[in-house]
Amino acid sequence: MSDVYIPPSEHPRIVLIGAGFAGLYFAKKLRNKPFQVVLIDKNNFHQFQPLFYQVATSGLEPDAITFSVRKIFRNCTNVIFRMADVQRIDTEGQTLETDIGTIDYDYLVLATGATNNFYGMDDVEAHSMGFKSIQESLDIRSLVLQNLEKAANTSDLAKKERLTNIVIVGGGPAGVEMAGAFAEFHKFNFRGDYHDIDPGLFKVFLIEAGPSLLPAMSKKSSKSALNVLERLGVHVHLNTAVEGYDGQEVRLGDTRIASESLIWTAGIKAQYPFGLERAAVARGHRLTTDQFNKVQGYTNIYAIGDVAYMETQAWPDGHPQVAPAAIQHGEHLAKNLLIGDPARWKPFKYFDKGALATIGKKRAVMDVGKAHAKGFIGWFIWATVHLFSISGFKNRLRVGVNWINSYFSYDKRNRLIIRKYEKEGVK
Ligand SMILES: Cc1cc2nc3c(=O)[nH]c(=O)nc-3n(C[C@H](O)[C@H](O)[C@H](O)COP(=O)(O)OP(=O)(O)OC[C@H]3O[C@@H](n4cnc5c(N)ncnc54)[C@H](O)[C@@H]3O)c2cc1C
């Protein structure tokens, strides 16, 4: 029996964990439909992860890309939100254990996404900055700005270098976008704001274990990204793996980079509460599902978005862990549940919308099928796609105006340390 209060309902109860892209679009499709949807998330907001790098690099304030779940579902009485951290699933009793109590379900939908993967490197995990939440994005912003303040306040050159070197690990879109934004910050803002630090000391390093940047994109896009970043002054190290980090020095084979700012974008692993002992766990710790998003081993538990691994002929390694796949999973499962009889459910088919990555403020690369765009056209498409993906007209307007302003002024106005970050073990 639930001891968390949920209003009574005549409809079957779907408990949905996660208000990310998959969960949000799933719940939206079931608004005012004959199900009670109990939406649980540890935050009371939805996060627009593709623009985290702008928060981390002082381009946007966090509230521009986080949206109140209660506001999204206001006046929608069949969607009940509870802010809670789900810790365990009792699949026999059909109950969830959360930090606010227990909650019963008829159907359970897991939309819990993914978290940072440090591949077992405990020292790297302990000292580096993860990049999977708005909180972590703000921590990165604070840490970098705090380190620049410390650098201004010392005459010790070795210490100054350690404080001004930023090392980003992972050459996927998140790493490339972050590196481009920091490089532009250096080019356009650093000299003025930090006139008491030698500008030559501020260096951005991008480390990628594979042979190219943006490995999931075309060769053309990878090459363009590398060229643009190098022109912006980013030190790109390909075929280079991080071997260790003690909070002061990054170990890369024989090479060492002194840095107190290591940002980890190099890997993710799916996350979900304990208790799914019968589930088959696939690559990236994902839950294997059938083509109807049903988790293998269970009859009334479903997984959507980054946490789900669905192998099909067209996608033998599962779908990419990107927002469009999560949205499509969520919408498709909701439509199937509305059909009722599982014998009439339709198998999921992924529509690949292509891939985009922006590099600095005015350039991006884009692959859609065989088509490829770069430079300003790529950036314009990137900006349009992202603006239209943001929830709510007012939010779009706010982000749009901010971009137009910074596009012409090159100023990142949000260089504020609102919440001080204290890195463990480093004083
Ligand atoms: C920095 C970054 C940049 C990205 N850029 C792009 C991009 O440009 N384009 C693109 O398509 N994709 C991008 N992605 C990937 C994209 O954001 C993900 O694929 C997408 O968010 C997956 O959606 P999801 O709903 O599966 O999970 P998420 O959006 O991660 O949502 C999971 C939700 O579950 C909640 N949750 C998890 N565990 C629990 C629990 N135990 N109890 C309660 N709540 C819980 C979390 O709080 C979260 O709200 C990016 C990701 C990152 C991190």
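As a starting point, this report considers the structure included with it. (Residues numbered from 1 in each chain as written. Predicted model: local features only at pLDDT ≥ 70, side-chain atom pairs only at ≥ 80, totals over all residues. Heavy atoms only, no water.)

### Looking at the overall build of the chain
We count it as follows: We count a stretch as a helix when DSSP gives it H or I for four or more residues in a row; a strand needs E for two or more, and each element gets its number in order from the N terminus. Here the globule rule reads 2.2 Å times residues to the power 0.38, and the radius of gyration is calculated from C-alpha atoms. Computed with the Shrake-Rupley method and a 1.4 Å probe, the accessible areas treat only the protein chains shown as cover for residues. Under the convention used here, Asp and Glu are negative, Lys and Arg are positive, and both His and the chain ends fall outside the count. Every charge is mapped onto a representative atom, which is NZ of Lys, CZ of Arg, CG of Asp or CD of Glu.
Looking only at helices and strands, the chain has eleven helices and 25 strands in total. Expected size for 427 residues packed as a compact globule is a radius of gyration near 22 Å; at 22 Å, the chain falls within 12% of this value. The C-alpha extent of the chain, read off along each of the three principal axes, is 70 × 45 × 45 Å. As displayed, the chain has an accessible area near 19600 Å², and 52% of this comes from carbon and sulfur atoms. Positive and negative side-chain charges of the chain, numbering 51 and 44 respectively, have mean locations separated by a distance of 9 Å.

### Brief notes about the site of the ligand
Rule in force here: Distances are taken per atom, and a residue is near a molecule or strand as soon as one of its heavy atoms is within 4 Å of it. For the purposes of these results, a polar contact is taken to be a pair of N or O atoms within 3.5 Å, where, inside protein, one atom must be able to donate a hydrogen and its partner to accept one; residues adjacent in sequence count only when each atom of the pair is a side-chain atom.
Surrounding the ligand, one finds 29 residues, the nearest of these being Ala22, Asp41, Gln49, Asp306 and Ala323. For the ligand, an oxygen atom lies 2.8 Å from a polar atom in the backbone of alanine 22. Protein chains shield 90% of the accessible area of the ligand, which is 990 Å² for the free molecule. Elements with a minimum of two residues in the shell around the ligand: α1 (21-29) and α9 (323-339).

### Considerations on α1
Quick reminder of the rule: When a residue's accessible area, from a 1.4 Å probe over protein chains only, is under 20% of the maximum for its type it is buried; when over 50% it is exposed; and in between it is partly exposed.
In terms of burial, α1 is a largely internal element, seven of the nine residues being buried. The complete set of buried residues in α1 reads Phe21, Ala22, Gly23, Leu24, Tyr25, Phe26 and Ala27.

### Looking at the sheet that holds strand β5 (residues 79-83)
The cut-off we apply is this: The rule for pairing is simple: two strands pair if DSSP sees at least two bridges between them. A fitted line through C-alpha atoms represents every axis, and for helices the fit uses only the stretch in contact; the resulting angles, taken between N-to-C directions, go from 0 to 180 degrees. Note on contacts: a residue pair qualifies if any of its non-hydrogen atoms lie within 4.5 Å across the two residues.
Strand order in the open sheet made by the five strands is β5-β2-β1-β9-β21, with parallel pairing throughout. Across the chains shown, the open sheet's two edge strands, defined by having one partner strand only, are β5 and β21 (301-303). Taking each pair of neighbouring strands and ignoring which way they run, the sheet shows an average axis angle of 20°. Here four bridges tie strand β1 (residues 13-17) to strand β9 (residues 107-110), and the two strands are oriented parallel to one another. Residue isoleucine 17 lies in a different strand from β9, and its bridge partner there is leucine 110. Of the strands in this sheet, β1, β2 (36-41), β5 and β9 are in contact with α1, which crosses β1 at around 155°.

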